[in-house]
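# Coordinates in review
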Amino acid sequence: MKSEKLIELYHTMVRIRMVEERIAAEYQYDEIKTPIHLSIGQEAIAAGVCIHLEKSDYLFGTHRSHAQYLAKGGDLKKMIAELYLRKTGCSHGRGGSMHLAAPEVGIFGSSAIVGGDIPLGTGTALASKLKKDGRVTAVFFGDGAVDEGTFHESLEFAALKNLPVLYVCENNHYAINSPESKRHRNLNIAQWVEGYAVPSYRINGNDVLEVSEYAREAIDDCRKGNGPVFLECDTYRWKGHIGTVDDVGNGYRPKEEYDYWLSKCPIQWYRQYLESIGLWDDAKEKAQREKIAAEIQEAFEFAQKSPKPSPEDLMDCVYSS
Ligand SMILES: Cc1ncc(C[n+]2csc(CCOP(=O)(O)OP(=O)(O)O)c2C)c(N)n1
Ligand SMILES: [Mg+2]
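Everything numeric in this text was worked out from a predicted model, so none of it was measured.

### Structural notes on the overall build of the protein
What the protein contains, in helices and strands, is 11 helices and eight strands. Expressed as lengths along the three principal axes of its C-alpha atoms, the size of the protein is roughly 60 × 50 × 45 Å. For the protein, with 321 residues in total, the buried portion stands at 44%. Pairs at least 24 apart in sequence give 74% of the contacts found in the protein among residues at least 6 apart.

### Considering the site of ligand 1
In the vicinity of ligand 1, 16 residues are found, and the nearest of them are Arg64, Val114, Gly142, Gly144 and Ala175. Only strand 3 (137-142) and strand 5 (174-175) provide two or more residues apiece to the shell around ligand 1. When grouped by side-chain class, the residues that make up the shell around ligand 1 number eight nonpolar, six polar and two charged.

### Some thoughts on the pairing of strand 3
Across the six residues of strand 3, six count as buried, placing the element largely inside the fold. A two-sided burial pattern is seen for strand 3, the buried positions comprising Thr137, Val139 and Phe141 on one face and Ala138, Phe140 and Gly142 on the other. The pairing of strand 1 (residues 58-61) with strand 3 spans three bridges and is parallel. Residue pairing in the sheet places leucine 59 in a bridge with alanine 138 of strand 3. Handedness of the strand 3-helix 6 (residues 149-161)-strand 4 (residues 165-171) crossover: right-handed.

### Notes on helix 5 (residues 117-131)
For helix 5, with 15 residues, the first-to-last C-alpha span of 21 Å sits near the 21 Å given by 1.5 Å per residue. Of the residues making up helix 5, those classed as buried are Asp117, Ile118, Leu120, Gly121, Thr122, Thr124, Ala125 and Ser128.

### Notes on the sheet that holds strand 3
The sheet built from six strands is open, its strands ordered 2-1-3-4-8-7 with parallel pairing. At either margin of the open sheet sits one strand with a lone partner, and together these are strand 2 (107-110) and strand 7 (200-204). Strand-to-strand twist in this sheet, taken as the mean axis angle between neighbours without regard to direction, amounts to 15°. Pairing of strand 4 with strand 8 (residues 229-234), which is carried by six bridges, proceeds in the parallel orientation.

### So, the packing of helix 2 (residues 43-50) against helix 8 (residues 208-223)
Packing of helix 2 against helix 8 brings their axes to within 8 Å, and their N-to-C directions diverge by 35°. In this structure, helix 2 meets helix 8 at a crossing whose hand is right-handed. Here Ala44, Ile45, Ala47, Gly48 and Val49 of helix 2 come into contact with helix 8, specifically with Val208, Val211, Ser212 and Ala215. Here the contact of helix 2 with helix 8 is composed, by residue class, of seven nonpolar, two polar and no charged.

Rules and cut-offs
- The residue numbering used here restarts from 1 in each chain and proceeds along that chain's sequence as written.
- Written order determines the labels here, with chains lettered from A and ligands numbered from 1.
- Whole-chain, interface and lining totals are the exception, using all residues; otherwise, since this is a predicted model, local features are given only for residues with pLDDT of at least 70 and side-chain atom pairs are given and counted only at 80 or more.
- Only DSSP runs of H or I reaching four residues or more are called helices, and only runs of E reaching two or more are called strands; each is numbered from the N terminus.
- Partly exposed residues are those whose C-beta has more than 12 but fewer than 20 other C-beta atoms within 10 Å; 20 or more makes a residue buried and 12 or fewer makes it exposed, with C-beta atoms placed from the backbone.
- The contact criterion used is a C-beta to C-beta distance within 7 Å, with each C-beta placed from the backbone.
- As a rule, any residue with its backbone-derived C-beta atom within 6 Å of a molecule or strand is reported as near that molecule or strand.
- Gly counts as polar in this scheme, as do all residues outside two lists: the nonpolar Ala, Val, Leu, Ile, Met, Phe, Trp, Tyr, Cys and Pro, and the charged Asp, Glu, Lys and Arg.
- Strands are labelled as partners when DSSP assigns at least two bridges between them.
- For the handedness criterion, the strands are oriented away from the viewer, and a crossover whose path from the first strand over the helix to the second runs clockwise is classed as right-handed.
- Expected helix span is taken as 1.5 Å per residue step, with the number of steps being one fewer than the number of residues.
- To obtain each axis, a line is fitted to C-alpha atoms, and for helices this fit is confined to the stretch in contact; angles are then taken between N-to-C directions over 0 to 180 degrees.
- The handedness criterion is simple: a crossing whose near helix is rotated anticlockwise from the far helix by less than a right angle is left-handed, and one whose near helix is rotated clockwise is right-handed.

Below, the structure written as structure tokens:
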């Protein structure tokens, strides 16, 4: 991979982390009127996959989609405005954090219904195949979504029709407070998927190079008509399921497990790698952080100054026959 692309992967991850840290810091003031699910700790997956997607490719996400929205090129100002439920938000202030959309860059929406985005993404992949438009769809979801019928029905259908869709399971090993071991007998989800005759890979979701390598091949395969492909990305969320609270102190997750995963920080590891090959240093780090911090500041000011939806707007975007 070229140096610029290696640096772009790092920039994407750091930007996601800094945006989410700022959201977490602002959340205490109760001006952000939406539930939030942070991806801190899981940044490598969105960065590694989205770097290989074209702007016109489709992306669908879940309740935890800030990372994917940003990595696919969604507008930061509009995302923050959506969190503040302002008119200028990417969903006009009607969706909040769990319903991000940016059709101009292929983000057709994220859904709070666990497993709900999987058939939607399978549908755009079917449309692409019928229209021969060369687009690939990437659908992101968690390990909790594989417990839903929509996952299995979609995989069966996509396999049968050879659809150009990349299924990306962000396996952070928890669905709210339920550990994977309490929900599955076979903990290797990629192995289940083999039953649908879909190429499936279990990879290190905290290693952005590994994610990027598998995603590149998978997206190429989909574009050539050899889809679908399934990636199970092993990872961990640092924050509690929802909001900014910690769910380790209250005993939902073991401290040793949490500490182990903190030591596997995708950003720290990758920065060391870039330094070891001479592509990064402290000065570059400082400059990058300053630039991103300024961009974030501007986005928050834009959101906070934006108008709230008014009662007259109530019927906008509502369809009736
Ligand atoms: C159909 C449905 N069932 C239950 C819920 C409640 N719920 C919200 S998030 C969640 C857990 C999702 O876990 P996972 O898919 O692993 O995603 P993660 O939060 O770990 O990223 C559940 C059960 C829901 N939103 N939709
Ligand atoms: Mg999960």
